[in-house]
Structure formats: C-alpha cells, structure tokens
Amino acid sequence: MPSAPLPTSLLVGAVLLGLPVGCSRKVTVTCYSVRGRVLSAAEPVAEAMVVFHPLSSSAEAPQKPLAYTDAEGQFALTTDKPNDGAPEGEYAITVELRAPRQIGEETVRDGPSQLPAKYARPETTPLRYRVVPGMNDVPPLAVGPR
Amino acid sequence: MPYPRGLRVACRRGPARTVHGFTLVELLVVIAIIGLLIALLLPAVQAAREAARRSQCANNLKQLALAFHNHEETYKQFPLAISDPNKPGKNNWAPFVFPFVEQQTLVAGYNLTIDWWVEPNRSLVATQLPLVQCPSTPEQNRVQDKPETTPPNKTGACGDYFTPAGVHLDINQVLPADQQLAATADLRGVIRWYEARNPQNRAADVTDGLSNSIMLGECAGREDVWRRGTRYANDFTSAPKVRARGGAWATTDNPYEIGQRKAWDTAFGPIPGQLGINNSNEWGHCFYAFHPSGANFALADGSVRFLTEQTNLSALVALVTRSAGEPASGL
C-alpha cells in the first residue's frame with residue numbers, strides 16, 4: 001500500500017509535536033527587568049515589601065511581581081525566576097514596611113505596616129508604573145513620612 | 001535445534017578440534033542485550049522503590065494523625081501547634097503527641113515546661129525518628145544547628161512533616177482576581193497556635209469538616225533550602241544566608257501559615273516559581289515533598305491523601321482552613 005507511510009509519519013509527527021505541549025506545565029509570560037528604590041523623607045527604606053498589582057490585562061501573570069528592599073532601599077522584582085522583573089503593562093505599586101512580630105522562635109516582619117496605610121492597598125496607593133520591554137528603572141518611590 | 005556456529009565448534013570432539021570459545025562480536029552482542037534489559041528494568045525498579053517510600057511516608061502521616069486523635073480523645077482537644085506562649089517552655093506539637101504513638105520511652109524524660117533546645121530536652125531532641133522522616137527525602141538524618149548569640153545553639157534532629165497553622169493573606173498575590181480572600185476571612189488551620197481567640201484546638205472547631213481539612217503535610221528537607229528540586233545547602237555564614245527555617249522536629253518554627261514568598265534571609269531573594277505543592281520548602285511558603293508530582297497529606301479525620309502538584313491553589317486553601325465555610329470539593 002503506497003498510502004501507508006503518510007498516515008504513519010503524520011502520527012509520529014503529531015506525537016512529537018504533542019509532547020512538548022503536554023509537558024509544559026504552566027503558561028509562562030515574558031518578563032522585563034524592573035529595578036527601583038524606596039525612599040521615605042529622602043531616607044532609604046530597608047526591608048519593605050514592594051508588590052506590583054497589574055492594572056492592564058497584558059500585565060496579568062500567575063503571580064504578582066514582588067521584591068523586598070535592601071539596606072539602601074533598592075529592589076529588583078521577581079515574578080517567576082529570581083530578579084526576572086515583571087510582564088509588560090501598567091501597575092499599581094504597594095509598599096509595606098511591616099512591624100516586627102514574634103512568630104515561633106523568630107521575629108518576622110508581619111505586623112501592621114509602619115508606612116502610611118494608603119501605600120499598603122492597591123485601591124488607595126498613588127504609586128503607578130508602566131513596565132516596558134527592556135530595562136526598567138523605576139523613579140524613586142517616595143512613600144511619605146513614617 | 002541449531003546451535004550457534006561457535007558453540008558447535010566448541011562441542012566437537014576429536015583431534016580436529018581447533019577453535020573454541022566465543023567471538024568478540026558474540027560477546028558484545030550479549031553484553032549489549034544485557035545492558036538493554038537493565039536499562040529497560042531500572043526505571044521500573046526505581047518506580048517500585050519510590051512507591052514503597054511513598055507508602056512508608058503515608059504510613060508515618062497516618063500514625064501521627066492517629067496520635068493527634070488519641071490526644072483529642074484523652075484531653076478533648078488537639079494539641080496546639082506551638083505550646084502556649086503564656087506558659088514556660090517553647091515546644092511544638094510533636095512532644096505532645098509522641099506519647100500517643102508509642103514514643104513514651106523517648107518523651108519520658110521530656111519536660112514540656114522547658115525549651116526544646118535546653119536540657120533535659122536537648123539530648124532527647126537529638127534522636128533521629130523515622131516516624132517523622134519521609135524516606136523519599138534524599139538526605140536522611142539531618143540535624144538543625146542554628147547558631148545563637150547566647151549559647152547554646154538551637155540543635156536538634158530534623159523531621160519532614162508539619163502542621164499548617166493556616167493560610168497567610170499574602171496568598172492573594174498568587175490567587176486569581178476572582179478568587180481573592182477577604183481580609184476578614186477565617187484562615188486558621190486545624191492545628192492552630194495559641195491566640196486569645198484560639199486558646200485550644202477542638203475537633204468541633206473544624207466546621208468545614210474533618211474530612212475536608214488538612215491536619216499534617218510535608219515540608220521535607222529542611223534546613224537545607226529546596227526550590228523545585230534544586231538544593232541550596234544550609235549556610236549560616238555566607239551572604240546571603242541560606243536556611244529553610246524549622247527543621248528540628250521539636251522546634252516552634254515547624255508550623256507556619258502557607259502562602260508567603262519571603263526567604264529566611266531576605267537577601268536570598270523572594271521565593272521564585274509558582275506558589276504551590278513542591279515549589280519550595282522554605283518557611284511560610286507551601287508544602288514540599290520529594291515524591292514525583294505531589295505530596296502526602298493527613299486530613300483531620302485521620303485519612304491520608306496524595307495531592308498532585310497541579311492541585312488548584314484555591315482548593316488547597318479550602319483544605320488548609322478549618323472553618324472558612326468552604327468545605328473543599330471536587331478533589
């Protein structure tokens with residue numbers, strides 16, 4: 001039968017094509033590096049939690065980009081891989097400096113935020129940023145007096 | 001029956017016998033066939049071994065869950081995740097339930113009013129207990145040895161199981177927009193720690209149903225950090241420091257609320273990857289086991305379930321909370 005090889009090769013091709021699709025567990029989004037700094041009265045805020053809340057549909061990712069500031073108040077966002085940044089789009093930025101609290105044997109920053117409350121909620125925060133393809137250097141985020 | 005040529009030559013008797021033994025090609029073919037058979041069988045053998053380990057792990061969780069129930073039977077309440085902070089002695093649930101799982105000899109000398117890392121408890125906590133170890137964890141018999149500014153170090157043998165104390169609201173960073181948790185939601189777990197509103201854990205508090213609530217889960221491999229199968233060795237001296245907090249089986253760092261993405265040392269970076277089963281064993285994140293594709297869980301009714309990595313996060317939240325009014329379904 002001359003027609004036999006064609007369906008067979010099609011079947012093999014379909015299986016080979018289907019494999020990578022079946023193995024990819026999650027939908028991944030393209031992220032762009034996002035770096036910035038958190039300041040309060042011109043002083044750097046260390047150990048603050050910075051979360052980018054998507055406002056546009058292009059920014060929707062399986063989880064919100066997140067970062068913690070270092071001693072100089074600097075941060076680099078992580079969405080899926082370390083310091084990978086955030087997907088392209090418009091974001092509302094929340095900044096919290098949670099009060100230290102004892103949990104188990106350690107003090108964890110898990111109490112109420114020590115920064116003005118409006119910065120803690122995506123509905124009330126005045127901080128906005130649009131992530132664009134390429135490197136993103138967010139202008140310093142001023143989070144008001146403590 | 002025709003013999004291979006070489007063999008027939010070897011068997012021939014008489015003075016004409018000249019050649020015997022196998023040719024190189026024949027030997028190579030035989031070796032190749034044996035190699036092929038081993039290659040075919042090895043994965044099956046490994047899978048069978050892992051199945052045995054998983055079943056041993058499920059049995060450990062079953063024993064522990066029954067111990068919690070025997071405790072409840074005796075005291076009309078489950079133990080607290082962490083001993084009451086208003087009373088002396090920092091200990092987690094483990095020494096409270098061990099007398100109910102035939103570990104009386106181990107805890108006979110244990111003083112529950114003394115911190116776990118202080119004698120006489122210190123030398124007992126050094127005991128490696130197969131009961132709290134998952135056999136699938138690559139490194140068995142680990143020891144937590146956390147340096148303290150005032151000695152002694154917090155030192156103890158490690159376990160692979162923990163009691164989820166509830167769900168942290170930070171999980172909203174990961175939940176889809178239409179499944180966000182309200183700030184007022186009751187996110188306490190079955191085995192909760194002491195709070196003014198939660199002086200004890202009673203079976204009656206599990207209003208979502210004992211069969212719909214997780215009591216024990218796996219967080220294996222602590223204090224080494226594991227992120228999606230990659231090991232970062234426990235390190236208290238380098239920068240950043242590396243630690244999956246809560247290794248020792250008696251430490252009050254053992255229980256945590258799931259849903260957080262913060263490393264023990266912030267400089268180690270936020271926990272990457274998609275929050276869910278088997279993403280990271282770091283404190284506050286989620287559940288972590290070394291079983292391929294999922295982890296074992298003991299539910300509050302004493303049954304043991306295997307949940308896959310694909311388990312919907314909202315369903316997992318519903319399973320961890322004990323009285324949020326959403327008995328988990330469709331699992």
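Sequence order sets the numbering: in each chain, residues are counted from 1 along the sequence as written. Here the convention is simple: chains get letters from A, ligands get numbers from 1, in the order in which they are written. In view of the model being predicted, local features appear only for residues whose pLDDT reaches at least 70, and side-chain atom pairs are presented and counted only at 80 or more, with totals across whole chains, interfaces and linings using the full set of residues. As a convention, hydrogens and water are excluded, and side-chain values are obtained from all of the structure's heavy atoms.

S.K.: Provide a residue-level description of the overall build of chain B, including the pertinent values.
M.R.: Numbering of helices and strands runs from the N terminus, with a helix taken as a DSSP run of H or I at least four residues long and a strand as a DSSP run of E at least two residues long. Broken down by element type, chain B carries six helices and ten strands. Counting every position in chain B, which comprises 331 residues, the buried fraction comes to 50%. Pairs at least 24 residues apart make up 66% of the contacts formed inside chain B by residues separated by at least 6 positions. Accessible areas in this description were obtained via Shrake-Rupley with a 1.4 Å probe; residue shielding takes into account the shown protein chains only. By element, 59% of the accessible surface of chain B is carried by carbon and sulfur atoms, the whole surface being about 15,100 Å². Each residue's exposure class comes from its accessible area (1.4 Å probe, protein chains only) as a fraction of the maximum for that residue type: buried when under 20%, exposed when over 50%, partly exposed otherwise. Residues are treated as being in contact if the distance between any of their heavy atoms lies within 4.5 Å.

S.K.: A description of the pattern of salt bridges should follow, citing residues and the corresponding values.
M.R.: Residues and elements named next belong to chain B. When a carboxyl oxygen of Asp or Glu lies within 4 Å of a side-chain nitrogen of Lys or Arg, that pair is called a salt bridge. This model, assessed by the stated rule, comprises 27 salt bridges over all chains. As a salt-bridge pair, Glu139 and Arg231 come within 3.2 Å of each other at their nearest N and O atoms. Taken together, the positions of Glu139 in the loop between helix H5 (121–125) and strand S1 (143–146) and Arg231 in strand S7 (residues 230–232) put the pair 92 residues apart, joining distant regions of the chain. Assessed through its relative accessible area of 36%, Glu139 is described here as partly exposed. With relative accessibility at 40%, the residue Arg231 sits in the partly exposed group. The salt bridge involving Glu257 is made with Arg192; its shortest N-O contact spans 2.7 Å. Taken together, the residues span a long stretch of sequence, with Glu257 in strand S8 (residues 256–258) and Arg192 in the loop between strand S4 (164–167) and strand S5 (214–218) at a distance of 65 residues. Here the two residues Glu257 and Arg192 agree in accessibility, since each one is buried.

By themselves, these observations are geometric and do not establish any function.
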